[in-house]
Every structure is written in C-alpha cells, then in structure tokens.
Amino acid sequence: MCIRDRYRAGSALANGCDHNTLYGSDAGRNIASNGGYHTAIGERALEANSSGNSCVAVGQVALMQNTGNQNVAVGNNAIYGSGAGSSNTAVGYMAMNTLTSGANNTSVGHHAGRNYTTCGGNVSIGKDAHDSNQTGGENTIVGHQAAQANTSNRNTCLGNSALYSNITGYNNVAIGRYAMMLAGGGTNINACTAIGHNAMYNGGGDGNTCVGSEAGQALTTGHSNAVLGSGAFDAATVANYSVAIGNAAFGAFSSGACEGVAIGSQCAAALTSGNENVFIGRECAPGITGGSYNVIIGKGAVGGSTGSNVHSNVVIGRSAGRLITSSNNIVLGREAAYDMTSGNENIIMGHEAAYNLTTGGHNIIMGYQAAKNQVLTSSGNVPVSYTHLTLPTNREV
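Residues numbered from 1 in each chain as written. Predicted model: local features only at pLDDT ≥ 70, side-chain atom pairs only at ≥ 80, totals over all residues. Heavy atoms only, no water.

1. Considerations on the overall build of the chain
Piece 1. On a plain count of helices and strands, the chain comes out with 0 helices and 24 strands.
Piece 2. A burial count over the chain gives 51% of its 397 residues as buried.
Piece 3. Intrachain contacts of the chain at a sequence separation of at least 6 include 0% that bridge at least 24 residues.
Piece 4. Surface exposure of the chain reaches about 15,000 Å², of which carbon and sulfur atoms provide 53%. (Helix = DSSP H or I, 4+ residues; strand = E, 2+ residues; numbered from the N terminus. Buried < 20%, exposed > 50% of the residue type's maximum accessible area, 1.4 Å probe, protein only. Contact = heavy atoms within 4.5 Å. Areas by Shrake-Rupley, 256 points an atom, 1.4 Å probe, with all protein chains shown as cover.)

2. A word on a positive patch on the surface
Piece 1. A grouping of R282, K299, R318 and R334 is seen on the molecular surface, where their side chains present a positively charged patch.
Piece 2. For R318, the location among the structural elements is in the loop between β19 (314-316) and β20 (330-332). (Patch = residues over 30% accessible without salt bridge, like charges linked within 9 Å, V, L, I, M, F, W, Y side chains within 5 Å. Salt bridge = Lys/Arg side-chain N within 4 Å of Asp/Glu carboxyl O. Lys, Arg positive; Asp, Glu negative; His and termini not counted. Charge placed at Lys NZ, Arg CZ, Asp CG, Glu CD.)

3. Focus: the pattern of salt bridges
Piece 1. Across all of its chains, the model carries 7 salt bridges by this definition.
Piece 2. Measuring nitrogen to oxygen at the nearest pair gives 3.3 Å for the salt bridge that ties R322 to D339. In this pair, R322 sits in the loop between β19 and β20 while D339 sits in the loop between β20 and β21 (347-349), placing the two residues 17 residues apart along the sequence.
Piece 3. Residue classification places R322 among the partly exposed positions, given a relative accessible area of 23%.

4. Notes on the side chain of S305
Piece 1. One can find S305 in the loop between β18 (295-297) and β19.
Piece 2. Using a relative accessible area of 2% as the deciding quantity, one classes S305 as buried.
Piece 3. Among the polar contacts made by the side chain of S305, one reaches the main-chain amide nitrogen of G307 at a distance of 3.1 Å.
Piece 4. Those residues within four positions of S305 in sequence are excluded, and the remaining contacts are G287, I288, R322, L323, I324 and T325. (Polar contact = N/O pair within 3.5 Å; in protein donor to acceptor, adjacent residues only side chain to side chain.)

5. Side note on the packing of aromatic side chains
Piece 1. This model, assessed by the stated rule, comprises 6 aromatic pairs.
Piece 2. With a centroid separation of 4.7 Å and an interplanar angle of 10 degrees, the aromatic rings of Y338 and Y355 are classed as stacked. Here Y338, found in the loop between β20 and β21, pairs with Y355, found in the loop between β21 and β22 (364-366); they are 17 residues apart in sequence, far enough to count as distant.
Piece 3. Ring-pair connections join several aromatic residues into one group, and the members of that group are F233, F250, F253 and F279.
Piece 4. A cation sits over an aromatic face here: R322 above Y338, 4.1 Å from the ring centre.
Piece 5. Sitting over the ring of Y355, K372 keeps its end group 5.3 Å from the ring centre. (Phe/Tyr/Trp six-rings, centres within 6.5 Å; stacked < 30°, edge-to-face > 60°. Lys NZ or Arg CZ within 6 Å of the ring centre and 35° of its normal.)

6. Description of the environment of T156
Piece 1. Following the sequence through the fold, T156 ends up in strand β10 (residues 156-158).
Piece 2. For T156, a relative accessible area of 32% puts it in the partly exposed group.
Piece 3. Taking the C-alpha atoms as reference points, T156 and E138, separated by 18 residues in sequence, lie 8.9 Å from one another.
Piece 4. For T156, the residues in contact, after removing those within four places along its chain, are T140, N172, V173 and A174.

7. A look at unusual backbone geometry
Piece 1. The backbone phi angle of M96 is positive, close to 50 degrees, even though this residue is not glycine.
Piece 2. Looking at the secondary structure, you find M96 in the loop between β6 (89-91) and β7 (106-108).
Piece 3. Residue class for M96 comes out buried when judged on its relative accessible area of 0%.
Piece 4. Notably, E259 is not glycine yet its phi reads approximately 50 degrees, a positive angle.
Piece 5. One can find E259 in the loop between β15 (243-245) and β16 (261-263).

8. Regarding the side chain of E47
Piece 1. Relative to the helices and strands, E47 is located in the loop between β3 (39-41) and β4 (56-58).
Piece 2. Side-chain polar atoms of E47 contact the side chain of R44, separated by 3.0 Å.
Piece 3. Setting aside its immediate chain neighbours within four residues, E47 contacts D26, G28, R29, N30, L63 and M64.

9. As for the nonpolar core
Piece 1. Core analysis: the largest hydrophobic core is formed by 55 residues, its most contacted members being M180, F233, F250, F279, V331 and I348.
Piece 2. Formed by 19 residues, the second largest nonpolar core is a distinct cluster that contains I31, A57, L63 and A95. (Core = buried A, V, L, I, M, F, W, Y, C linked by side-chain atoms within 4.5 Å.)

10. Regarding a nonpolar patch on the surface
Piece 1. Together, V74, V91, V108 and I125 make up a nonpolar patch on the protein surface, roughly 230 Å² of accessible area in all.
Piece 2. Note that V91 resides in strand β6.
Piece 3. Among the residues examined, V91 registers a relative accessible area of 32% and is labelled partly exposed.

11. Thoughts on the environment of G350
Piece 1. Within the secondary structure, G350 is located in the loop between β21 and β22.
Piece 2. Overall, the relative accessible area of 18% leaves G350 in the buried class.
Piece 3. A sequence separation of 15 residues divides G350 from I365, and the C-alpha atoms of the two residues are 8.2 Å apart.
Piece 4. Residue contacts for G350: discarding those within four places in its chain leaves L332, G333, R334, A336 and G367.

12. Quick look at the confidence of the model for the chain
Detailed conclusions should not be drawn from predicted coordinates in areas where pLDDT is low.
Piece 1. When pLDDT is averaged along the chain, the result is 90, and 89% of the positions lie at 70 or above.
Piece 2. The low-confidence segment residues 386-392 (pLDDT under 50) makes 10 contacts with residues lying over four places distant or belonging to another chain. (pLDDT = per-residue confidence, 0-100.)

13. Focus on the state of the cysteines
Piece 1. Tallying each qualifying case throughout the model produces 0 disulfides.
Piece 2. The cysteine C210 is free of any disulfide, with C192 supplying the nearest cysteine sulfur at 7.7 Å.
Piece 3. Judged by its relative accessible area of 0%, C210 is buried. (Disulfide = S-S within 2.5 Å.)

Laid out in structure tokens, this is it:
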C-alpha cells in the first residue's frame, strides 16, 4: 500500500512499488521499478529516486537527487546531491549536502559533513563538524566545528573545535576543547594524540602524544614527544624526542632539541633551554633555567637551585645537591651536598655527606655524614668517614 499527498507526489508509482509514504509537492515523484518502503515528507524530497528502497527523507529537497538505498535524511537540503550513495544517515540543515557515491556515513548537525562526496565510514556530529571533508574516510568527529578543515582519513576528534585547522593530517586523536585546534596551520600533521583542554593547541609535528589540560599546547614543529600532565611541556615549540610526565613537568621549556626526560610534578618546571637531561622525582630541579646532560633523581633533588648553566651533573637522592648551580659534580645520597652552590667537579657520596660544602671544587667526600659539620670552601679535600670518624681534611690529590 502507498500513501501519497500533494501535487505530483509519487506520480510515477506503478504496480510493485509498495509501502511508500509520500507527502509534499513532487515528493518521491519518480519512484518506479519496484522502488518501495520509502518515506518522503517535504517538497521534492526523494524526488529523483526511482528504484532504490527503504529511504527516509524528511525536509525540503532532502535526498532530492540521491538514487541509493537505505538512506535517512532529516533536514532541509540534507543529502541533496546526486549519486547512488547508500546506507547514510544525515540529520540537520544541509547535513551531508553534496554526497554523491559515499556510503556508511553518519552526520548529525547543521552543516555536519556538508561537503562529503565519495567518502565512507565517517561519523560527524556537531554544527559544522567535518564540514570541509569530501573524500576522507573512517573518521569519527564529534563537536562544534571539530575537524572542520580536515579532508583526510582515520582521525578521531571529540570536543569543540578539536583538530579544527588541520587539513591533510591522518591517524590523529584529538579529545578536548581546542585540542590540536591549530594543528599544523593547515599542513600535514599525522599520528598524534592530544587529550585535554588546549592539549597540543598549536599542533606540533608528527608522532606527539600529549595528555592533560594545556599539555604541549605551544608545540609548532616539535615531534616524537610524550607528554602527560596538566601544563606539562606547555611552552615548548620545537622540542623533539622528549618525555614530560607530571604537572608542569618541563613546563617552561621554550625551544631546542631537548631530547630529555622529566618525570614528576613540577619536575624541571622552570627549565627554558638545555638538552639530553634526565630529571626524575617530585619537584626535582624545579627552578633551574638552563643546563644540559644532567641526571638528577630524587624528590627535591637540586630543589632550591635557580641556576642557568647547570651542566653534566649526576645527583641522586632526596634533596641532594639542593642548591647546585655548577657543573660536573657527582652527588649520591639523601641531602648530600645540601648547601653546595657553585663547586665544580666534586664526588660526594653518602647520606648528608658534605652537607655544609658551599663552593669548594675537586673534592672527594665519601661516607655517612662525611664532613657534614665542616664548612668547606676550598678544593682538593678527601674526607672519608666511617661511623662518624672523619679523616684529616685538606689532603691534596
């Protein structure tokens, strides 16, 4: 049985065209050749389809030129374009408006997937979501203006304006308001993951993973970085091959190769330049602003220093080398070299060893609390302590 109303609705219906519901001027006007199970409501809705089956068109010129099967178009101008694309669902004004042969797409929202033509397997939900794409497939886009400019494949976006400007990038995941919003400024940024408000806001290069509010937000061309934590790595622009894990870890780093590791809340938070460093521990070296080739491990290690040329130190232990601003020191032990500031080329090992050493250099101090209560400012000392027994100091080496 067919139900039709208004001028020329279903005017070509013949025997065998069953189970159609048509309402509106010229709605389903050309259904013939066993076309059936259609619902078309609106002026010229489903007008061109003659032999397709099981379509729903609600809205003025919805599915007007489409000749495929099992499409759902709800909204004025939804799936308006000509072609035999099938198994598509479009809800919203001009949603999937230009679709031709594309299949298995779902677009919900004003202008969502508006320029789809031959693409397949896309989901776009939100006003202007995936608005520019024509041929890219297997994308999942959810959010107002999400991936609006993108025309490539296999991207996943969730959030207002996520991946907004990226045009040809593929295999990206952007989740969060403005995540990867300006990614590449329209260039080819691929295989990145950005999760969090403003995460990777400026995009960066290929292969970055940034998780956390504003994580890696300033990256422009930096690539192959792994960032986890709110504000982590949020000032870096071109750094590469770096790992920043923790709130504000590497938070001030601006530009350079970096190739470093910072793990812990506020870890190396003020460092602006320096390469090939390893910082591990909560508030580990949070105040130093420059330095390279350091290995600093422990909560609060080098925790009070604001040095700008801190290089090639190995400092391991809670609060070890707390004030170090110098270079080429080896400090091992909790609170070892606690007061040392500018001494260079020292070897200090032991709990609270050389606790009061300030500026001396070329010292070898080993043992539990070795030289703890001696204020050493000279160089070339070799104190070695066993159970608090300290051998004579100022021995030249």
